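Residue-level listing of the chains:
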Amino acid sequence: MRDYVYQRPVVLGLLLCTATVALVLTGMLAGSTGLDDWHALGALLGLMPADADSGMLAQIVWQIRMPRSIGAWLAGALLGLAGALAQAVFRNPLADPYLLGSASGASLGVCLALVAMDGSLVAMPWLARLGLTGAAFVGAILAVAMTAALASGMAQTLRLLLAGVVVAVVLGAATSLVLQMYPHLLQSMQGFMLGSTAFVGWDSCALMLAALLPGLGLAMVLGRWLDGLALGEQTAASLGLPVQPMRWILIITLALATGAAVAHTGLIAFVGLAAPHITRRMVRWGSRHGVLLASLMGGLLLVAADLLARVVIAPRELPVGVLTALIGGAYLLWLMRRHKQGGGVS
Amino acid sequence: MKKWALLLGLCLACTWGWAGVTLTDDKGRKVTIAQAPKRIVSLLPSLTETVCALGRCKDLVGVDRYSNFPQGVRKLPQLGGGLDPQIEAIFALKPDLVLAASSSPGTERLAALGLTVLQLEPKDQADAVRVVRMLAQALYVADPELVIQQMDLEFAQAKALMPVGARGKKVYFEVGSAPYAAGAASFIGQTLSHLGLVNIVGPELGPFPKINPELVVRAQPDVVVVADSSFSTLAQRPGWGLVRALQDHKVCTFSQEEGDLLVRPGPRMGQGAQLLARCFARLYPKGQTP
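Reading guide: rules and limits
- Residues numbered from 1 in each chain as written.
- Chains lettered and ligands numbered in written order.
- Predicted model: local features only at pLDDT ≥ 70, side-chain atom pairs only at ≥ 80, totals over all residues.
- pLDDT = per-residue confidence, 0-100.
- Helix = DSSP H or I, 4+ residues; strand = E, 2+ residues; numbered from the N terminus.
- Contact = placed C-beta atoms within 7 Å.
- Nonpolar A, V, L, I, M, F, W, Y, C, P; charged D, E, K, R; others polar.
- Domains from an automatic or database assignment.
- Buried ≥ 20, exposed ≤ 12 C-beta atoms within 10 Å, placed from the backbone.
- Pairing = 2+ DSSP bridges.
- Axes fitted to C-alpha atoms, helices over the stretch in contact; angles between N-to-C directions.
- Parallel < 35°, antiparallel > 145°, perpendicular 65-115°, else oblique.
- Left-handed = near helix turned anticlockwise from the far one by under 90°.

## Some words on the confidence of the model for chain A
Residues and elements named next belong to chain A.
Part 1 of the argument: In this model, chain A carries a mean pLDDT of 81, and residues with pLDDT of at least 70 account for 85%.
Part 2 of the argument: Within chain A, no element has a lower average pLDDT than strand E2 (residues 34-35), which sits at 64, and none a higher one than helix H13 (residues 287-311), at 91.
Part 3 of the argument: The low-confidence segment residues 342-346 (pLDDT under 50) makes 4 contacts with residues lying over four places distant or belonging to another chain.

Here is the structure:
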């Protein structure tokens with residue numbers, strides 16, 4: 001019996017939610033001047049009298065900081081969910097949401113959209129907003145479809161993984177080629193590849209929530225399938241589970257969740273890989289609650305990273321992807337040391 | 001006869017000894033240029049412009065893909081970018097001088113192939129003037145002061161163009177959509193302060209910091225300066241609808257070609273300043289008190 005930090009998933013779940021709420025509230029204080037807007041929060045909650053500045057601050061908190069924190073949580077939760085699904089479907093601890101080429105597909109989509117909008121950006125401003133997110137989304141989905149086609153279905157895990165790597169490399173090369181031809185797009189693309197929560201608004205939050213809720217719902221409903229898959233495909237099939245259809249459904253869910261997150265925040269590193277692993281080391285893993293907890297963990301990770309990105313060198317910002325890797329990586333390493341006796345990576 | 005030969009030899013030795021300038025480039029390397037270069041390759045747009053401003057455009061045999069001014073250099077062979085120079089193509093041109101940024105990779109290879117490489121990277125206004133003087137030496141141009149005077153004149157004209165009503169206005173200058181700002185410490189910041197404007201991004205944040213977008217909303221700049229390719233997205237950023245400069249259309253946008261004037265620390269910096277000044281003259285017409 002491994003020595004888990006929390007024996008009961010409910011306790012961990014509640015803890016993750018509490019920490020998230022605390023960080024989102026702290027995020028309301030964290031602005032371009034660091035962590036010092038107590039007055040703003042007070043005025044917003046009606047605890048302190050409003051003054052001339054607090055009207056503007058209230059709007060800033062409501063229109064910039066809140067959607068940003070909540071959007072970071074949603075994107076992290078989507079990546080955590082996708083990561084947990086990927087690791088379950090591929091029965092591979094190194095699987096992450098970007099595995100099937102979705103990240104490269106999204107990058108190429110954004111890159112092509114930037115090229116297409118170059119001349120007509122002013123003419124169609126709505127396209128600029130919808131276009132980039134849509135392009136990332138479509139790119140991610142198409143890449144996964146391409147991977148599936150190359151692997152001639154979802155049947156063989158190894159074939160699928162290999163096809164995913166090939167698609168990722170080819171699409172990445174295509175992106176580099178396009179950037180070579182349009183070098184002035186390099187800067188915009190770099191922002192996308194590093195990941196950023198700087199411009200997440202309420203509309204992005206709504207779209208990500210719309211992807212997260214059905215994704216989580218589906219994962220919960222299909223929890224039994226996931227547990228079955230964890231035993232291996234043959235065992236799952238012998239248990240009477242519809243292995244092929246369920247792989248398809250899970251992979252589509254994972255591609256949608258990844259696409260939704262990437263479309264709004266760019267390629268944020270490591271959350272999808274680390275969140276399920278950290279969760280797994282804290283609590284006994286069962287697919288049904290595991291996916292939910294990994295999702296909550298991913299959200300918490302990204303909210304924390306977003307907060308730090310804003311505060312550490314305010315009013316400048318750190319790339320949020322760098323921080324997710326640092327926080328997630330450090331924490332995962334610490335947990336692995338702590339569980340050294342517990343066995344290998346599982 | 002022997003005497004004459006000796007004299008000739010001495011003379012040759014003299015000119016040999018006298019000829020050639022030795023410069024220390026921005027990499028700290030001593031570079032000796034034996035005679036006036038006739039086949040120049042430039043791998044940085046601001047250096048290309050400086051070469052041409054010094055009247056030596058005709059000696060350019062190749063440029064990087066970003067060099068686009070003056071018009072004539074667009075016809076020259078393009079030899080990759082500053083970050084990915086095509087070593088073989090450059091070598092094949094047999095240049096007697098290669099100009100590159102100090103951050104440019106591949107220059108070691110070029111030097112190892114026996115080419116004379118001078119690495120200069122102008123970072124601010126004073127630096128641009130220093131680079132003009134240094135390049136003049138390298139190219140054996142007698143009087144660089146004409147170019148420098150022209151730059152000074154254009155800066156002075158820009159200042160004269162600025163309307164009284166625009167003095168002391170707070171400005172946010174965006175150079176990249178992450179968003180990256182041009183801070184007071186950058187040469188763009190120097191241009192702004194030369195025009196009597198106040199930068200909302202202070203010098204303590206470094207030249208081109210990636211800032212929290214909220215900073216712009218909090219600072220409420222009077223005028224926003226941004227590339228017209230990213231202008232249409234500004235008001236759609238969360239909370240940026242609150243920026244009064246955007247509500248009141250107090251915005252200076254610039255095309256990519258105009259942007260070259262603003263973001264290249266080269267001989268056309270003064271024209272960049274004029275571009276800004278003309279925009280401010282439109283935003284704050286004479287006789288209209290702000």
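Back to the text.
## So, the interface of chain B and chain A
Part 1 of the argument: At the junction of the two partners, chain B supplies 24 residues and chain A supplies 27 residues.
Part 2 of the argument: Where the side of chain B that touches chain A is concerned, the elements lending two or more residues are helix H8 (214-219) and helix H9 (228-234) of chain B.
Part 3 of the argument: Grouping the amino acids of the side of chain B that touches chain A by side-chain chemistry returns 9 nonpolar, 10 polar and 5 charged.

## Points about the domain arrangement of chain B
Residue and element names in this part refer to chain B.
Part 1 of the argument: Split into domains, chain B comes out as domain 1 (18-142) and domain 2 (164-283).
Part 2 of the argument: A separation of 31 Å is found between the C-alpha centroids of domain 1 and domain 2.
Part 3 of the argument: Contacts between domain 1 and domain 2 engage 13 residues on the former and 9 residues on the latter.
Part 4 of the argument: Taken together, the elements giving at least two residues each to the side of domain 1 that touches domain 2 come down to helix H2 (45-53) and helix H5 (125-138).
Part 5 of the argument: Element by element, the count of residues in the side of domain 1 that touches domain 2 is highest for H2, at 5 residues.
Part 6 of the argument: Considered class by class, the residues forming the side of domain 1 that touches domain 2 number 6 nonpolar, 3 polar and 4 charged.

## Observations regarding the pairing of strand E7 (residues 170-176) of chain B
Residues and elements named next belong to chain B.
Part 1 of the argument: Counting buried residues in E7 gives 5 out of 7 residues, a clear majority hidden from the surface.
Part 2 of the argument: Looking at chain direction, E7 and strand E9 (residues 198-199) are connected through 2 bridges and run parallel. Bridging across to E9, Val171 finds its partner in Asn199.
Part 3 of the argument: Pairing geometry for E7 and strand E10 (residues 223-227), over 3 bridges, is parallel.

## Some thoughts on the packing of helix H1 (residues 9-29) of chain A against H13(A)
Packed helix pairs are characterised by how far apart their axes lie and by the angle those axes make with each other.
Residues and elements named next belong to chain A.
Part 1 of the argument: It is the contact of H1 with H13, at a shortest axis distance of 9 Å, that shows an interaxial angle of 25°. If you check the angle between H1 and H13, you find them roughly parallel. For the element pair H1 and H13, the recorded crossing hand is left-handed. Taken together, the residues of H13 that come into contact with H1 (itself represented by Pro9, Leu12, Gly13, Leu16, Cys17, Ala19, Thr20, Leu23, Val24, Thr26 and Gly27) are His289, Leu293, Leu296, Met297, Gly299, Leu300, Val303, Ala304 and Leu307.

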